[in-house]
Amino acid sequence: MKTNKFMQFMAAAVVVCGMSVLTSCEKDDYELPEVIESEVYDTGVSSKVTAESGTEGTKLSYESWIMVKGITRANFDNKVSVTLNNTLNNVTQTVDVVNYEIGIPQTTLVYTIGERHSKDFVTITDSVMVYKVRLENFAIEFPLTYQVGFYDDGITRCQMPYYSYEKITDKGGKLEDMENQTEEGVVYARKLYSHTIAVSCNGKEYTLKASVILRRIIGEEGKPYLVKSELVETGKSTLNDGSYTSWIKVKQTWSTGEEKTEVYERTASLRLAAPAAMEYQVVPTLNITVNTSRLTNMSTQVIDRDDYIYVRENIGEYKIDYYYFALSFDVLCQQVVYDDGILVQELPSYPIDEIKCEAYNLTYAFESTIEGQKCDGYDFTQPVTLVSGAYQQTATVSGMVYLPKQL
C-alpha cells in the first residue's frame, strides 16, 4: 500500500452540472446587460456535501458561490451560484491475459480538459483526472471527474471556489479464483483481480474499487482440456553456488475424465554481483564514511516459460552511498511459478533475508599524479554479503582511492 499526495489539482468534478444565477430577468432568452463596472467582494463554498453512492461509484454535490457588485444601467448586487458534482467511478472490466502475473504496480496521475458549458456570466469547464495503475499484463484507470466554474462579465474575471481532492491512498489488490467460462467454443480459466483506492475530499474518505476479470484460454469445447488441478507436494534442492532446483507434483483432471499426476521442475538463481570495475576516486580525506546502503530499483519479468511452469526474475541494485562516491551491486532473485490456468502456485524458493555492507579495506599502495595533483594512492576493497538462511555469498569490488598531498 502506498499514498500518493498531490498539490491542489482542480477537483470538483462533474458529469452533469446544475447552475443558477440570481437575476431580475425570468425568461431564458433574455439578453445579458452590458456591465460597466463590477467587483467580487466575497466568495464561498458550502460545507454541506451530499454523497450519493451506488454500484457505479459515488457522486458528491455541493454549492460554490461568489458575491458580485457593479453597474450596468443600474447598480446590481448579485449572488452567482453553481452546483458542482464530484463523480468517483468504480471500474469493471474483462481482460484476456497469458498468465496471472500482477508484477510491481506502477501508478501515475494524468488529467485532461473536457467540454465547457456556459450560462450567463459563468463558464463550467469539465475535466477528468485519471489515477492509473499499470500491472504486468493490464492496466486499471480510475476516472475522477471534476469541474471548475469561471465567472466573466467582461470586466471582472475570477475562478469560483471548489473542493480539491486532498490525497489518493492506494490500498493494493488481491487475486481470487473464479469458475471457468465457455464462450463461442473457447474455454477460459478466470480469476478476479480486485484493486482498491481511497480518495479524500473535504476531509472525508471515499472508497473506489476496480473489479477486473482476468481470463486465459485453456482449451476448446469438444477437445480435452484441464478442468481441475490439485497440489500434491512441492520441494527444493540445496542452494549451491547461487543455484537450486524447485519442483512441484500436481494431480490433474481433464475434461475426458482422465486423471494423472505430473512432476514439474525448474532451476532458479539467487546471486549478488559486484561491479565489473570501480573507477578511481579522488577524496579530500580517508574518512570514507558510508552514508546509506539499500536495495533499490527493483523490477520483475517473466522468463524461461515452458508448458505450465516459468521463472519470475526479480532484479535490483544494492547501492552504497559514501560521502564522496557511490557503488552499486547487481542483485538477482528468481522465483519458480507453476501456472496451468487453474492452479497458480509459487514453488519453494530461497528469498533474500539480508544484504550486509561489510567494512571496507583501505591499504596504502603508491604515490602518483592524478588530475594534475600529487596524491597518495590506496587500494580500496568493498565486500558485500547476501544472506539467505544458512547460505551466504560475498561479492567484492576493488579500485583505487587517491588522497591529494598537502602543499
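Criteria and thresholds
Residues numbered from 1 in each chain as written. Predicted model: local features only at pLDDT ≥ 70, side-chain atom pairs only at ≥ 80, totals over all residues. Heavy atoms only, no water. Helix = DSSP H or I, 4+ residues; strand = E, 2+ residues; numbered from the N terminus. Buried < 20%, exposed > 50% of the residue type's maximum accessible area, 1.4 Å probe, protein only. Areas by Shrake-Rupley, 256 points an atom, 1.4 Å probe, with all protein chains shown as cover. Patch = residues over 30% accessible without salt bridge, like charges linked within 9 Å, V, L, I, M, F, W, Y side chains within 5 Å. Salt bridge = Lys/Arg side-chain N within 4 Å of Asp/Glu carboxyl O. Contact = heavy atoms within 4.5 Å. Polar contact = N/O pair within 3.5 Å; in protein donor to acceptor, adjacent residues only side chain to side chain. pLDDT = per-residue confidence, 0-100. Core = buried A, V, L, I, M, F, W, Y, C linked by side-chain atoms within 4.5 Å. Phe/Tyr/Trp six-rings, centres within 6.5 Å; stacked < 30°, edge-to-face > 60°.

This next bit is on the overall build of the protein. Secondary structure summary: the protein contains zero helices and 27 strands in total. Classification of the 407 residues of the protein by burial places 42% in the buried group. Counting every atom, the protein has about 21,700 Å² of accessible surface; 46% of that belongs to carbon and sulfur.

With that settled, the discussion passes to a nonpolar patch on the surface. Taken together, the side chains of Ile104, Leu295 and Met298 define a hydrophobic patch exposed on the protein surface, amounting to about 230 Å² of accessible area. Among the structural elements, Leu295 can be located in strand β20 (residues 290-306).

As for its placement among the helices and strands, Tyr350 is situated in the loop between β23 (344-346) and β24 (354-357). Taking the C-alpha atoms as reference points, Tyr350 and Gly242, 108 residues apart in sequence, are found 9.6 Å from one another. Setting aside its immediate chain neighbours within four residues, Tyr350 contacts Lys236, Ser237, Thr238, Leu239, Tyr244, Leu270, Cys333 and Ser388. Of note is the side chain of Tyr350, whose polar atom sits 2.7 Å from the backbone oxygen of Ser237. Within the local environment of Tyr350, its side chain forms a polar contact with the backbone nitrogen of Leu239, the two atoms lying 3.5 Å apart.

Overall, the coordinates contain 17 salt bridges when judged by the stated rule. In this structure, the salt-bridge partner of Lys405 is Asp376, at a minimum N-O distance of 2.9 Å. A residue pair is termed long-range when its members are at least 10 positions apart, and Lys405 in the segment after β27 (391-404) and Asp376 in strand β26 (residues 373-388) qualify at 29 residues. Classification of Asp376 as buried rests on a relative accessible area of 15%. Among the charged side chains, a network of salt bridges with common partners joins Asp96, Glu183 and Arg215.

On to the confidence of the model for the protein. Looking at the protein, pLDDT values average 84 and 83% of them are 70 or higher. Note that residues 1-29 has pLDDT below 50 and, in this model, 84 contacts with residues that lie over four places away or in other chains.

Another point: the nonpolar core. Among the nonpolar cores identified, the biggest contains 34 residues, and Phe325, Leu327, Phe329 and Phe380 are the most heavily contacted of them. Looking at this core, the elements with two or more residues in it are β17 (243-254), β18 (259-273), β21 (309-322), β22 (326-339), β26 and β27. Looking at this core element by element, the count peaks at six residues for β22. Core analysis: the next-biggest nonpolar cluster, separate from the first, contains 31 residues, Leu88, Val95, Val187 and Val212 among them.

On the secondary structure map, Ser229 appears in strand β16 (residues 226-236). On the accessibility criterion, Ser229 (12% relative accessible area) is buried. A polar contact is formed between the side chain of Ser229 and the side chain of Asp340, at a distance of 2.3 Å. Here Ser229 is in contact with Val250, Lys251, Gln252, Tyr338, Asp340, Ile342 and Leu343, once residues within four sequence places are set aside.

Under the criterion given, the structure shown has 14 aromatic pairs. Aromatic side chains Tyr322 and Phe380 sit 5.9 Å apart centroid to centroid with 85° between the ring planes, which places their arrangement in the edge-to-face category. Of this pair, Tyr322 sits in strand β21 while Phe380 sits in strand β26, and the two are 58 residues apart along the sequence. Among the residues examined, Tyr322 registers a relative accessible area of 5% and is labelled buried. Since its relative accessible area comes to 0%, Phe380 is described here as buried. Judged by centre distance (5.2 Å) and plane angle (35°), the rings of Tyr360 and Phe380 are tilted. One end of the pair, Tyr360, is in the loop between β24 and β25 (361-370); the other, Phe380, is in strand β26, and 20 residues separate them in sequence.

Turning to unusual backbone geometry, a few remarks are in order. We note that Glu184 has phi near 50°; this positive angle belongs to a residue other than glycine. Here Glu184 shows up in the loop between β13 (181-183) and β14 (186-201). For Asp241, which is not glycine, the phi torsion reads 55° and is therefore positive. Tracing the backbone through its elements, the reader meets Asp241 in the loop between β16 and β17. Judged by relative accessible area, Asp241 falls into the exposed class, the value being 64%.

By secondary structure assignment, the location of Asn86 is in strand β6 (residues 75-89). Of the polar contacts made by the side chain of Asn86, one reaches the side chain of Tyr165; its length is 3.5 Å.

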